[in-house]
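What follows is the residue order along each chain.
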Amino acid sequence: MKNPLRDEASAFQVVLVTLGGAVLVVLAAWVNTWLGLVVFLALVAVALWAIRGGMRQRPPQAHVVHDGGPARKILVVANETVGGDELRELLGRKAEGVSEDVLLVCPALNSRLRTWTSDEDGARAAAQERLDESLARLRDAGVTARGEIGDGDPLQALEDALRTFPADEIVVSTHPPGRSNWLEQGVVENARLRFDVPVSHVVVDLAAETSV
Amino acid sequence: MSAHAEAVGHEHHGPPPANRSSRLDPATLGMFLFIASEAMLFGAFFTAYFFVRVVNPDAPATWPPPPFEFPVFVAGVNTAILVTSSFTVHWATQAIKRGDRNGLRAGLVITILLGAAFLLTQMVEYAHVGFNTGDGAFASVFFGLTGLHGAHVFVGLSLLTIAAVRAFRGHFSPEHHHGVEIPGIYWHFVDVMWIIVFFAVYVL
């Protein structure tokens, strides 16, 4: 969502748009009262669409400068699914025969209202719990990894992590399609567009694992 | 080496800075939430206005009810004054972002003058409008809505005056200008509300 009052310049644009919109509504209403109402409702709809991010331009692709170190750096972003067998197997395969450096990022998922009001203690504590558990399970599977808590937005969490961890590869772990909020938001596709690093997607079906 | 590191470590006094996840800084977030509550307040007044207008027996053919008339021309001039003041406050903010202190001061002073002219004109309009709050529901909502807006202009002027005083004392820089930016957002909000009030009450 784009906040139209984010700064003074954005608020100034709102003034100009309101002025233009009001003139349109008045002109339409002079022709016919109902036409004025229709134009007003159409403008409100367009404004809501724009606020929802309708006209937002895609940010430029972030270039990751690799440090050329001997270890293969793998950045994993996962929320609940990091404990899944599929992910552990994938990381085990990637780590086979090479020196690997795995960083696991657990986004502190939070409601929009809590994020806006910086009330994220609960979300960070929950993420820390999942992270500790996940790191322990990865260690059991023979994968040496370290972890950190990231931004509630998985793409932002990836971007933050890449600033200090120039990964050779990104792994995004999600629930299966239909149950994954991240897939619905297009996190994997957007990660591929946003970072010039190969992005792997692993689907972890925790429900199937627990039923087995 | 360790002594130096320790000294550096003790440069910061007091508790560590609070962690915040919001990409809005707290001051802007506070103004945003305040404006959201203000929009609801105006919404309540607009609801009352449109209700009174719809239940008017002659609606929508005649508004306001005869024999009263709104001073549309004076209100139009006032609208032009207020819209212009949005341009000048934007100019002031852009000026300090470029490090132009004179532009900041000039922009703020002109904005304050325009805002004061708006209030003065509104007071003159009230004195000559030809009806009073006791002349029916339409008059009550007219004075309620425009008076509520006038009170907001006064608050905005107070904020801008504080910003101007600080600007003349040498405060603000291209990196730190929240004291101008936030009153600027509020002023634009006040302007947007007036545009809606003007077109809804005087023109439509």
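What counts and how
Residues numbered from 1 in each chain as written. Chains lettered and ligands numbered in written order. Predicted model: local features only at pLDDT ≥ 70, side-chain atom pairs only at ≥ 80, totals over all residues. Core = buried A, V, L, I, M, F, W, Y, C linked by C-beta atoms within 7 Å. Buried ≥ 20, exposed ≤ 12 C-beta atoms within 10 Å, placed from the backbone. Helix = DSSP H or I, 4+ residues; strand = E, 2+ residues; numbered from the N terminus. Contact = placed C-beta atoms within 7 Å. Expected span 1.5 Å × (residues − 1). Arc of directions from axis to C-beta. pLDDT = per-residue confidence, 0-100. Nonpolar A, V, L, I, M, F, W, Y, C, P; charged D, E, K, R; others polar. Axes fitted to C-alpha atoms, helices over the stretch in contact; angles between N-to-C directions. Parallel < 35°, antiparallel > 145°, perpendicular 65-115°, else oblique. Left-handed = near helix turned anticlockwise from the far one by under 90°. Pairing = 2+ DSSP bridges.

Further remarks concern the nonpolar core. The biggest cluster of nonpolar side chains holds 44 residues, and the ones touching the most others in it are Leu104(B) and Leu108(B). Mapped onto this core, the elements with two or more residues apiece are α1 (8–31) of chain A together with α2 (26–55), α3 (72–97), α4 (101–128), α5 (137–168) and α6 (178–203) of chain B. If you tally residues by element for this core, the top one is α6(B), at 15 residues. Leave out the neighbours within four places in its chain, and Leu104(B) touches Ala92(B), Ala95(B), Ile96(B), Ala167(B), Phe172(B) and Val180(B). Counting 35 residues, the second largest nonpolar core, distinct from the first, contains Leu131(A), Val143(A), Ala161(A) and Trp182(A).

Moving on, we get to helix α5 (residues 121–140) of chain A. Residues and elements named next belong to chain A. Taking 1.5 Å per residue as the helical rise, α5 with its 20 residues ought to reach 28 Å, and the 29 Å between its terminal C-alpha atoms agrees with that figure. The complete set of buried residues in α5 reads Ala127, Arg130, Leu131, Ser134 and Leu138. Buried residues of α5, viewed axially, fall in a sector of 110°; they line one side. Summarising the geometry of α5, the exposed residues directed more than 90 degrees from the buried face are Gly122, Ala125, Glu129, Asp132, Ala136, Arg139 and Asp140. Immediately beyond the C-terminal end of α5, within one or two residues, lies Gly142, with a positive phi of roughly 85°.

Looking at chain A as a whole, its pLDDT mean stands at 82, while 88% of the residues score no less than 70. Taken element by element, the predicted model of chain A shows its lowest mean pLDDT in helix α9 (residues 206–211) of chain A (65) and its highest in strand β4 (residues 169–174) of chain A (90).

So, on to the interface of chain B and chain A. Contacts between the two partners involve 24 residues from chain B, matched on the other side by 23 residues from chain A. Of all the secondary-structure elements, those providing two or more residues to the side of chain B that touches chain A are α2, α3 and α6 of chain B. A per-element tally of the side of chain B that touches chain A places α6(B) first, with eleven residues. Within the side of chain B that touches chain A, the residues separate by chemical class into 14 nonpolar, seven polar and three charged.

This brings us to the packing of α3(B) against α4(B). Residues and elements named next belong to chain B. As a packed pair, α3 and α4 sit with axes 8 Å apart at the nearest point and diverge in direction by 165°. When the axes of α3 and α4 are compared, the pair comes out roughly antiparallel. At the point where α3 passes α4, the crossing takes the left-handed sense. Per-class residue counts for the contact of α3 with α4 are 16 nonpolar, ten polar and one charged.

By definition, the strands of a sheet pair up through backbone hydrogen bonds, in either a parallel or an antiparallel sense. Residue and element names in this part refer to chain A. With parallel pairing, the five strands of this open sheet are ordered in space as β3-β2-β1-β4-β5. At either end of the open sheet lies a strand with only one pairing partner, and these are β3 (145–150) and β5 (199–203). Geometrically, the sheet is characterised by an average inter-axis angle of 25° between neighbouring strands, direction not taken into account. Pairing geometry for strand β2 (residues 100–107) and β3, over six bridges, is parallel. Across the sheet, residue Pro107 finds its bridge partner in β3, namely Gly150.

On to the packing of α1(A) against α6(B), then. Closest axis-to-axis distance for the α1(A)/α6(B) pair is 8 Å, and the angle between their directions is 5°. Classified by the angle between their axes, α1(A) and α6(B) sit roughly parallel to one another. For the pair α1(A) and α6(B), contact is made by Glu8(A), Ala11(A), Phe12(A), Val14(A), Val15(A), Thr18(A), Leu19(A), Ala22(A), Val25(A) and Val26(A) and by Glu181(B), Gly184(B), Ile185(B), His188(B), Phe189(B), Asp191(B), Val192(B), Ile195(B), Ile196(B), Phe199(B) and Val203(B), respectively. Across the contact of α1(A) with α6(B), the residue classes tally to 15 nonpolar, three polar and three charged.

All names here are of chain B. The end-to-end C-alpha separation of α2 is 44 Å, in line with the 44 Å expected for 30 residues at 1.5 Å each. Looking at α2, one finds that the buried residues are Thr28, Met31 and Tyr49. Residues of α2 that are buried make contact with α5 and α6.

Next up on the list: unusual backbone geometry. We note that Phe172(B) has phi near 75°; this positive angle belongs to a residue other than glycine. Checked against the element boundaries, Phe172(B) lands in the loop between α5 and α6.

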